[in-house]
Amino acid sequence: MRTAALRRCLAPLLAPLLAPAPAPVRGLCGRRARGGGAAAAARKITENAKKSLASLKRENPRLEPTLAIIQAHNDHLIQETNKDFAKEVGLRVIHICLPEGSSTDEVINEILRLNEDPNVQGLALDLPESLYSSKVLNAVKPEKDVDGLSDVNLGRLVRGDAYDYLVPPTVCAVMELLEDIGGKTVLLVGAGGAVGAALQCVLQREGAATMSCQWKAPQLRSKLHHADVVVVGSTKPDDVPVSWIKPGTTIISCSRDLLSEKHNYDQQNNHAAENTVGSLAIAMRMQNMVKNTERWIQSQQYRKWDLRCLKLQPLSPVPSDIEISRAQSPKAVDVLAKEIGLLTDEIEIYGQTKAKVRLSLLERLKDQPDGKYVLVAGITPTPLGEGKSTVTIGLVQALTAHLNINSFACLRQPSQGPTFGVKGGAAGGGYAQVIPMEEFNLHLTGDIHAITAANNLLAAAIDARILHENTQSDKALYNRLVPIVNGVRGFSAIQLARLRRLGINKTDPGALTEEEISKFVRLDIDPSTITWQRVVDTNDRFLRKITVGQANTEKGFVRQAQFDIAVASEIMAILALTTSLQDMKERLGRMVVANDKKGDPITAEDLGVTGALAVLMKDAIKPTLMQTLEGTPVFVHAGPFANIAHGNSSVLADKIALKLVGEKGFVVTEAGFGADIGMEKFFNIKCRASGLVPSVVVLVATVRALKMHGGGPNVTAGAPLKKEYTEENLQLVADGCCNLQKQIQITQLFGVPVVVALNVFKTDSPAEVDLVCEIAKQSGAFDAVPCDHWSAGGRGALKLAQAVEKAANQKNSFKYLYSLELPIVEKIRVIAQKVYGAQDIELSPAAQSQVDRYTRQGFGNLPICMAKTHLSLSHQPERKGVPTGFILPISDVRASIGAGFIYPLVGTMSTMPGLPTRPCFYDIDLDPVTEQVKGLF
């Protein structure tokens, strides 16, 4: 029907002869039915659609609605007619012209591609009759089906779901041409399929009695004689005489091949009056496209997810984390992705439960308002643990699974070093964890391996460059760095960039002078200044100091070096702070790895390795989607150290999550260690990099940890807890609350509301719990809530979720702690005095020398990332509570220029953990039959 409709606009021989028009009535397609000609109605529909679209564009200036039309014939007239109408309305049209004879599968493949194109809001088909199968029509996504012919759309039409369906354009055109048809008999001849079904439904809803038959039906003559209106869906055969049609009958022709049919309704004798839907059907298609655009705009705005949450059946006593994880059946990750609004082409699936999310989503949702941004931090850590990850997961489970609020958790990827060492996994715990926990805690999607490869490629490039410069002349180096390939010699793009930095504006390798060649090929790296170390994601204390270059092939170039754990690499910090692929590439190029013999910095860009590093990191930059025990979404991305780096998950994960949850949703992320370290760096480093403003801080504490800060006895791993921690002791709790109060005060420095989450253990007495909550509120917390999500799942964090929701609506006066314009030493002093409570700072001569060097090199305006023990507010791990009066010693100052911060070292700081006497790996095993992992926690 649609093909013929497009042709009729140029068929003047079919000028309609309509019956006298009664008073117009409101039609089902939203227009007033009228008597005038089809062309006049088409002009009116087009004008209205144009006005509606112009209004939408005024409200959405960047809107460019696009209609894709798949065509599988050579009728260029159809293509041009669509383009003309679309241009008049203000729509963009793209035609996909398949060759005649294309198969059903070829058409469907094109449909599926356009279904997932985020730049296409509507999809229409202009195909030969043979291709209009149910399989083809139902391949079109219902939300893009501007012709309204999919089963989903027709089902909604039959049910009368006014907002959810579109009336097929041909049907709309027929109804537009008819007068008041209430009580009249309408016969559909040769009009079957989806259009025929939709037409019957609409006619009946308008009060008409409908009949249908084919041209060859025995009862055709009788039905034609009794019909007041005849709608023709295919060419009338010559052997059906016009005399069968009673005089005055209105005929609406929807035949596909109208241009070639014989028009033999004997109009001259006024046996019947015929009208054609031609140009009007095209206008109706454009009207449907405008309606679809409006719905698309609304779909991009905040909506509550249609999320199927997973039910929990908590057991008592609570089983091990891995037993709980394995007892739950996670949703397929593609199902989860669809539930939260991700398109098929925006995810890359890894197995059944993990998927990478592409950054293109940020462009698609750029106009979507962000949700609320929540940070989970903690009191100063103790060996007893506080449970920040567990609170993070419990909170989002409560928000989404129990309060029906869109929420996302954003977590760091754990290093495998601690997983096999002493700490264990980091997926949360109990009935508030990420699943499958063994996949979360092990390789995940390989991001840390990519970082290891990139880091070590750069390390290899440094030593190799020193070796080659030490053993070759300038000419030999130049010939190898800029070789002749296929008779042509040319600089690579990164070499041309180095020439420009050197002030050499030449592109012909043969044009450089000897002096320029020497400047180009010689980096003159001072080996004693190399700060770039190799990394491995294993706790291996014997790699803390190594010697490299001992083989004879390295010709005596021997130096001392070390390995760091992979998550300590600056590339990990870059991954966590970058905002795009281009930004990551630029940051990788800016990484300073050493100084030359003149004291100037040497970067990865100077070594020519930037592009290669970006290639190794191109997949790692995409956040990994997983889920909680209750089926709510989680992003796992990046895992920088919280001491020498900033200890937060990635900016990109947060940004994508904030778009997906919408303006009424919540994104909950976690900062490493206590609020004095992880939270301070979150605000001063991460928020500066992202431009995001936090809404609420959730500060995690436990009664047991507070008792230790109040003077409780030391805890030995594996030994039973002493009675101070298992029996009520209100005085010890009250004394330890000084640390909680200090962390609340630190949060208030940044102007963000704080809610205290008290993780409750079975040994905590009600009086102890009440005491902590009361002190917290008296100290300025917006609220303080006891939580038992570890044993009850999201239901155990309901009060916390409600408190966070209320706090997020409070006035927020977020501010940074210091100005970047301050000198490096002053920024360090501000953190030491205002956050840690130090009396002052003291820099060693080496630290002062480095400060002077970085200032001279132009790095003085970077934020500060303090590398300090996490076990105390001071530099002395044994000092619990709130130490005062101490001088904070700065032993050294280093820089991560690519990541974008200066990190002063307070005392000695190990970047390679060691294995304990009894590591976790004693308990980890694999069942060779079921392939199930055992022993992770």
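Quick note: structure is the one above.
Not measured: the values here are computed from a predicted model. (Residues numbered from 1 in each chain as written. Predicted model: local features only at pLDDT ≥ 70, side-chain atom pairs only at ≥ 80, totals over all residues. Heavy atoms only, no water.)

### Description of the overall build of the protein chain
What the protein chain contains, in helices and strands, is 33 helices and 34 strands. For the protein chain, with 937 residues in total, the buried portion stands at 57%. Partitioning the contacts of the protein chain with sequence separation of at least 6, the portion at a separation of at least 24 is 74%. About 37800 Å² of surface is accessible on the protein chain, with carbon and sulfur atoms providing 51% of the total. If the 103 positive side-chain charges of the protein chain are averaged to one point and the 97 negative ones to another, these points end up 2 Å apart. (Helix = DSSP H or I, 4+ residues; strand = E, 2+ residues; numbered from the N terminus. Buried < 20%, exposed > 50% of the residue type's maximum accessible area, 1.4 Å probe, protein only. Contact = heavy atoms within 4.5 Å. Areas by Shrake-Rupley, 256 points an atom, 1.4 Å probe, with all protein chains shown as cover. Lys, Arg positive; Asp, Glu negative; His and termini not counted. Charge placed at Lys NZ, Arg CZ, Asp CG, Glu CD.)

### Here's the deal with the sheet that holds strand 3 (residues 122-126)
Sheet architecture is open: 3 strands sit in the order 2-1-3, paired in parallel fashion. The open sheet terminates on both sides in strands that have one partner only, identified here as strand 2 (92-97) and strand 3. Across the sheet, the axes of successive neighbouring strands diverge by a mean angle of 20°, strand direction being ignored. Two elements, strand 1 (residues 66-71) and strand 3, share 5 bridges in a ladder whose sense is parallel. Note on strand 3: the bridge partner recorded for Ile69 is Ala124. Helix-sheet contacts for helix 4 (residues 104-115) involve strand 1, strand 2 and strand 3, and the interaxial angle to strand 1 is about 170°. (Pairing = 2+ DSSP bridges. Axes fitted to C-alpha atoms, helices over the stretch in contact; angles between N-to-C directions.)

### A word on the packing of aromatic side chains
Overall, the coordinates contain 12 aromatic pairs when judged by the stated rule. Pairing Phe408 with Phe635 gives two aromatic rings, centres 4.4 Å apart and planes at 20°, and the pair type is stacked. Taken together, the residues Phe408 in strand 12 (residues 407-411) and Phe635 in strand 24 (residues 633-636) connect sequence positions 227 residues apart. The same class applies to Phe408 as to Phe635, namely buried. Aromatic side chains Phe491 and Phe520 sit 5.6 Å apart centroid to centroid with 70° between the ring planes, which places their arrangement in the edge-to-face category. (Phe/Tyr/Trp six-rings, centres within 6.5 Å; stacked < 30°, edge-to-face > 60°.)

### Details of the environment of Gly780
Its place among the elements puts Gly780 in the loop between helix 29 (766-778) and strand 28 (783-787). Residues within four places of Gly780 in sequence aside, it is in contact with Ile744, Gln748 and Val754.

### As for the environment of Asn759
If you trace the backbone, Asn759 turns up in strand 27 (residues 754-759). Of the residues examined, Asn759 reaches a relative accessible area of 9% and is grouped as buried. In this structure, the C-alpha to C-alpha distance between Asn759 and Glu129, residues 630 residues apart in sequence, is 66 Å. Beyond its immediate sequence surroundings of up to four residues, Asn759 is in contact with Glu386, Gly387, Val391, Val700, Ala701, Thr702, Asp764, Cys787 and His789.

### Some remarks on the packing of helix 14 (residues 388-402) against helix 31 (residues 798-808)
At a closest axis distance of 8 Å, the pairing of helix 14 and helix 31 adopts a crossing angle of 80°. Judged on the interaxial angle alone, helix 31 and helix 14 are roughly perpendicular. Contacts between helix 14 and helix 31 pair Val391, Leu395, Ala398, Leu399 and His402 from the former with Leu798, Leu800, Ala801 and Val804 from the latter. Tallied by class, the residues present in the contact of helix 14 with helix 31 amount to 8 nonpolar, 1 polar and no charged. (Parallel < 35°, antiparallel > 145°, perpendicular 65-115°, else oblique. Nonpolar A, V, L, I, M, F, W, Y, C, P; charged D, E, K, R; others polar.)

### Digging into the pairing of strand 27
With respect to burial, strand 27 is a largely interior element, 6 of its 6 residues being buried. Residues Val754, Val756 and Leu758 of strand 27 are buried on one face, and the alternating residues Val755, Ala757 and Asn759, pointing to the opposite face, are buried as well. In this structure, strand 26 (residues 696-702) lies alongside strand 27, joined through 6 bridges in parallel fashion. Looking across to strand 27, one finds that Val697 is bridged to Val754. As judged from the 5 bridges shared by strand 27 and strand 28, these two strands associate in the parallel manner. Opposite Val756, over in strand 28, you have Ala784 as the bridge partner.

### Describing helix 2 (residues 38-59)
The end-to-end C-alpha distance of helix 2 is 32 Å, a good match for the 32 Å that 22 residues give at a rise of 1.5 Å each. All of the buried residues along helix 2 are Ala38, Ala41, Ala42, Ile45, Thr46, Ala49, Leu53 and Leu56. The buried side chains of helix 2 occupy one side of the element, clustering within an arc of 130° when seen end-on. Exposed residues lying more than 90 degrees from the buried face of helix 2 are Arg43, Lys51 and Arg58. (Expected span 1.5 Å × (residues − 1). Arc of directions from axis to C-beta.)

### Concerning the pattern of salt bridges
Tallying each qualifying case throughout the model produces 37 salt bridges. Its salt-bridge partner being Arg501, residue Asp606 comes within 3.0 Å of it at the nearest N-O pair. In this pair, Asp606 is assigned in the loop between strand 22 (601-603) and helix 23 (610-617) and Arg501 in helix 19 (residues 493-501), connecting sequence segments 105 residues apart. Its relative accessible area of 12% is what places Asp606 among the buried residues. The class for Arg501 is partly exposed, based on a relative accessible area of 44%. With a closest N to O distance of 2.6 Å, Lys686 and Asp654 form a salt bridge. (Salt bridge = Lys/Arg side-chain N within 4 Å of Asp/Glu carboxyl O.)

### Thoughts on the pairing of strand 24
Two faces make up the sheet, and in a regular strand the side chains alternate between them. Side-chain alternation along strand 24 places Pro633 and Phe635 on one buried face and Val634 and Val636 on a second face that is also buried. Where strand 12 lies against strand 24, 3 bridges are found, and the strand directions are parallel. When the bridges of strand 24 are listed, Cys410 appears paired with Phe635. Bridging between strand 23 (residues 624-628) and strand 24 involves 4 bridges; their strand directions are antiparallel. Across the sheet, Met626 pairs through a bridge with Val634, a residue of strand 24. The hairpin turn running from strand 23 into strand 24, its antiparallel successor, is 4 residues long, and Gly631 in that turn takes a positive phi close to 80°.

### Topic: helix 24 (residues 651-661)
The element helix 24 is largely enclosed, with a buried count of 10 among its 11 residues. Considered for burial, the residues of helix 24 that qualify are Val651, Leu652, Ala653, Asp654, Ile656, Ala657, Leu658, Lys659, Leu660 and Val661. One or two positions beyond helix 24, positive phi appears at Gly662, with a value near 80°.

Purely geometric stuff here, so don't read any function into it on its own.
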